[in-house]
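# Reading the structure
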Amino acid sequence: MSNPQQCPYPGPFSPALLQLVEGQLGDHQSIVLRMVACMDAQISDYRQLSDAAIRVDIQESLDYVLQLWLRGLLEDRWPSALELEPLVAYGRRRVHQGISMESLLQAAHSGARLLWQETLARAESSPELMQELLYRVSPRLLAYFDLVGQTLSGAYAEERRERLSWRDRLRYELCRLVFNNPEDVDGFRTRMSALGMDSSALHLGLALRMQAGDGLAFPDSRLDLLFTAIRRLLETDGETLLRTVRHGHLLIWAPLLAGESLIEGEARLAAQMQALLRADAGIAAIGLGLPDSGPRGWQLSAEQALKALDLGARLEPQQTLRRYFDFALYDALSQSDSVWRFHECLIERLSREAHLTRTLEAYFEHRQHRKAVAGALDIHPNTLSYRLERIETILGARLDEVNWQSRLYAALRLRRLHSKNEPVG
């Protein structure tokens with residue numbers, strides 16, 4: 001940054017120029033209003049501002065910059081460090097007002113351009129004054145607005161760094177609370193509020209397993225790019241997404257939309273994650289939990305997303321999108337030893353005739369279409385009918401009854417879940 005005490009292109013200036021500057025100083029409010037109108041027309045960040053207090057703050061900031069310039073010409077001096085302090089405060093506030101760095105600098109350039117055009121218009125009838133403006137004032141004006149731009153952007157960048165560091169700390173604390181102290185509802189609400197997030201909103205856990213082994217083989221920069229891609233895919237502000245690394249997986253909590261039901265939100269996020277998998281972003285599989293709210297709900301949804309990866313690897317290894325919703329029943333059944341033993345007993349009764357188990361598996365794999373089942377097993381349809389009758393006899397079952405179909409299908413799925421030799425990928 002330029003030395004604030006050093007005045008580039010100093011005076012003295014002609015009485016005519018000083019009279020022009022005094023006229024501008026007396027008309028400063030009108031000039032500022034034209035600056036605001038120009039910014040609204042050219043810069044979307046400013047045009048979209050609806051908060052009246054923020055618009056007043058921006059107008060007062062422009063007025064300060066304008067008067068600092070005009071008084072500096074009248075007194076032939078450069079802004080002091082103390083006089084630049086309000087600009088530092090302006091730059092810091094813009095971070096929290098939703099103004100981007102690009103828009104902030106564009107506003108400075110827009111203001112300088114309009115001020116220069118307005119100044120030339122006042123001097124167009126005097127060739128001598130025009131010469132003085134072009135050769136003596138214009139370099140000083142460029143230096144002044146360069147100083148303004150550097151001061152604003154430096155303050156903005158510093159505030160942005162501090163804000164990101166502060167938000168990163170809050171996110172870290174929030175993740176620790178979810179996994180280590182989910183009973184702390186007040187702490188969860190406080191941190192969510194500080195991050196500008198709705199603590200009561202439904203969120204769904206997403207667990208991403210990368211292609212290179214079970215761990216996160218990507219460097220942080222690659223993960224940042226992946227997170228940005230997910231944010232754009234979900235069409236949501238990155239500030240509303242919380243991420244962490246858990247058991248070697250990238251874990252993200254994504255919010256449901258306002259008014260969206262549990263089923264609609266889960267289905268939408270599943271479709272969006274399927275699109276991410278098709279984009280070949282280096283992801284081996286994605287697990288989806290069920291939507292929930294509050295610290296305990298976030299913890300449960302995250303655990304479900306991670307579990308979906310494991311359950312899907314055992315039950316549907318060919319699928320890369322693994323929804324806990326698809327496996328929830330079998331996960332619940334497998335938690336009870338007595339329930340698991342009962343279902344396992346059904347399959348064990350067929351084990352004396354091993355081909356019967358494979359026949360039953362094919363029967364469900366091909367949705368009870370007997371011709372397809374016989375073809376898959378490479379047996380005659382009559383042989384298939386005999387085997388199915390044999391299964392019914394051994395188990396005392398009726399394969400045309402929905403209840404028996406549900407029991408036997410669940411028994412086969414639970415058997416795969418409890419298989420020690422089933423690969424997990």
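The structure displayed is predicted, hence computed values, not measured ones. Along each chain, numbering runs from 1 in the same order as the chain's sequence is written. Reporting in this predicted model follows two pLDDT cut-offs: at least 70 for local features of residues, and 80 or more for side-chain atom pairs to be given and counted; totals over whole chains, interfaces and linings ignore these cut-offs and use all residues. To obtain the side-chain values, all non-hydrogen atoms of the structure were used and water was disregarded.

## Some points on the pattern of salt bridges
Pairing is possible between side chains of opposite charge, provided their charged atoms come close. We define a salt bridge as a contact between a side-chain nitrogen of Lys or Arg and a carboxyl oxygen of Asp or Glu at a distance within 4 Å. Using the criterion set out here, one finds 25 salt bridges in the structure. Aspartate 27 is paired through a salt bridge with arginine 122; the nearest N and O atoms lie 3.1 Å apart. Separated by 95 residues along the polypeptide, aspartate 27 in the loop between α1 (15–26) and α2 (28–42) and arginine 122 in helix α6 (residues 101–123) bring together distant segments of the chain. On the basis of relative accessibility, which here comes to 28%, the residue aspartate 27 falls in the partly exposed class. For every residue, the accessible area obtained with a 1.4 Å probe (protein chains only) is divided by the maximum for its type, and the residue is called buried under 20%, exposed over 50%, and partly exposed between those limits. The exposure class of arginine 122 is partly exposed, given its relative accessible area of 32%. One salt bridge in this structure joins arginine 398 and aspartate 400, with 3.0 Å as the shortest N-O distance. Relative accessible area serves as the criterion here: at 53%, aspartate 400 is assigned to the exposed category. Overlapping salt bridges, with partners in common, bring together Asp27, Arg34, Glu118 and Arg122 in one network. Secondary structure elements follow DSSP: runs of H or I no shorter than four residues count as helices, runs of E no shorter than two count as strands, and numbering proceeds from the N terminus.

## A look at empty space enclosed by the protein
A pocket, in this scheme, is an open set of points on a 1 Å grid over the protein atoms alone with protein on both sides within 12 Å along at least 5 of 7 lines, while a cavity is a set where a 1.4 Å probe fits but cannot get out; residues line either one if an atom lies within 4 Å of a point. Grid points are joined across faces, edges and corners, and a volume is the space filled by probe spheres set on the points. All chains considered together, the criterion is met by 3 cavities of 30 Å³ or more. Each pocket or cavity is described by its volume, and for the largest cavity that value is around 200 Å³. What lines the largest cavity is a set of 17 residues, and nearest its centre among them are Ser61, Leu62, Val65, Ala108 and Leu152. Considering every element that reaches the lining of the largest cavity, the biggest residue donor is helix α4 (residues 52–75), with 5 residues.

## Structural notes on the confidence of the model for the protein chain
Confidence in the prediction of the protein chain, expressed as mean pLDDT, is 87, and 94% of residues score 70 or more. As a per-residue quantity, pLDDT reports the predictor's confidence and falls between 0 and 100. The contact rule is simple, with two residues in contact once any of their heavy atoms fall within 4.5 Å. Long-range and interchain partners of residues 420–425, a stretch whose pLDDT sits below 50, account for 10 contacts in this model, where long-range means more than four residues apart.

## Focus on the sheet that holds strand β3 (residues 249–255)
Here, strands pair whenever DSSP counts at least two bridges between them. In space, the 5 strands of this open sheet follow the order β2-β3-β1-β4-β5, with mixed pairing throughout. A strand with exactly one partner marks an edge of an open sheet, and here the two such strands are β2 (242–246) and β5 (321–323). The sheet shows a mean angle of 20° between the axes of neighbouring strands, taken without regard to direction. In the sheet, strand β1 (residues 203–210) pairs with β3 via 6 bridges, with the strands oriented antiparallel. Within the sheet, the bridge partner assigned to alanine 207 lies in β3 and is leucine 251. Here the axes come from fitting lines to C-alpha atoms, over the contacting stretch only for helices, and the angles between their N-to-C directions go from 0 to 180 degrees. Packing of helix α10 (residues 262–278) onto the sheet brings it into contact with β1, β3, β4 (283–288) and β5, and relative to β4 it is tilted by some 175°. Lying on the sheet, helix α12 (residues 324–334) is in contact with β4 and β5; it crosses β5 at an angle near 50°.

## Topic: the packing of α2 against α6
At a closest axis distance of 9 Å, the pairing of α2 and α6 adopts a crossing angle of 130°. One element, α2, and the other, α6, form an angle in the oblique class. The hand of the α2/α6 crossing is right-handed. Touching Ile31, Arg34, Met35, Cys38, Met39 and Gln42 of α2 are Gln106, Ala107, Ser110, Gly111, Arg113, Leu114, Leu115, Glu118 and Arg122, all from α6. Looking at the contact of α2 with α6, its residues break down into 7 nonpolar, 4 polar and 4 charged. Each angle is binned into one of four classes, with values under 35 degrees roughly parallel, values over 145 roughly antiparallel, values of 65 to 115 roughly perpendicular, and all other values oblique. Should the near helix be turned anticlockwise from the far one by less than a right angle, the crossing is termed left-handed; should it be turned clockwise, right-handed. Throughout this entry, Asp, Glu, Lys and Arg are counted as charged residues, while Ala, Val, Leu, Ile, Met, Phe, Trp, Tyr, Cys and Pro are counted as nonpolar. The remaining residues, Gly among them, count as polar.

## Section: the packing of aromatic side chains
Centres within 6.5 Å make a pair out of two Phe, Tyr or Trp rings, where for Trp the six-membered ring is used; the pair is then stacked when the planes are under 30 degrees apart, edge-to-face when over 60, and tilted otherwise. The full count for this structure, using the stated rule, is 10 aromatic pairs. Ring centres of tyrosine 330 and tyrosine 409 lie 6.2 Å apart, and the angle between their planes is 70°; this geometry places the pair in the edge-to-face category. In this pair, tyrosine 330 sits in helix α12 while tyrosine 409 sits in helix α17 (residues 402–417), placing the two residues 79 residues apart along the sequence. Look at tyrosine 330 and you get buried, because its relative accessible area is 10%.

## Describing the environment of threonine 393
Tracing the chain through its elements places threonine 393 in helix α16 (residues 381–395). On the accessibility criterion, threonine 393 (57% relative accessible area) is exposed. Between the C-alpha atoms of threonine 393 and valine 245, which are 148 residues apart in sequence, the distance is 52 Å.

## Description of the layout of surface pockets
Left-over empty space is what a probe sized like a water molecule reveals as it rolls over the atoms. There is about 240 Å³ of room inside the largest pocket. Taken together, Leu315, Glu316, Gln318, Glu361, Phe364, Glu365, Tyr409, Leu412, Arg413 and Arg416 make up the full set of residues lining the largest pocket. Among the elements of the structure, α14 (354–365) and α17 are those that each provide at least two residues to the lining of the largest pocket. Of the residues forming the lining of the largest pocket, the biggest block, 4 residues, is contributed by α17. Across the lining of the largest pocket, the residue classes break down as 4 nonpolar, 1 polar and 5 charged. If you go around the second largest pocket, you meet 13 residues; those closest to its centre are His109, Ala112, Leu141, Leu142 and Phe145. Among the elements of the structure, α6 and α7 (127–180) are those that each provide at least two residues to the lining of the second largest pocket. For the lining of the second largest pocket, the element with the most residues is α7, which contributes 7 residues.

## Focus: α10
The terminal C-alpha atoms of α10 lie 25 Å apart, and with 17 residues this matches the ideal 24 Å at 1.5 Å per residue to within 8%. Where α10 ends, the next residue or the one after it, aspartate 280, has phi of about 55°, a positive value. Multiplying 1.5 Å by the residue count of a helix minus one yields the expected span of that helix.

## Structural notes on the pairing of β2
Relative to β3, β2 runs antiparallel, the two being bridged by 5 bridges. From the neighbouring strand, valine 245 faces β3, where its bridge partner is leucine 250.

## Considerations on the nonpolar core
The nonpolar side chains of a soluble globular protein tend to be buried, and buried together. One finds Tyr46, Trp69 and Tyr144 to be the most contacted residues of the largest nonpolar core, which totals 46 residues. Here this core gets 10 residues from one element, more than from any other, and that element is α7. Here, nonpolar core refers to any group of buried Ala, Val, Leu, Ile, Met, Phe, Trp, Tyr and Cys residues whose side-chain atoms link them within 4.5 Å.

## Side note on the pairing of β3
Counted residue by residue, β3 has 7 buried out of 7 residues, so it is predominantly covered. Across the two faces of β3 the burial is the same, with His249, Leu251, Trp253 and Pro255 and Leu250, Ile252 and Ala254 all buried. In sequence, β2 turns back onto β3 through a hairpin of 2 residues, with histidine 247 there showing a positive phi of about 50°.

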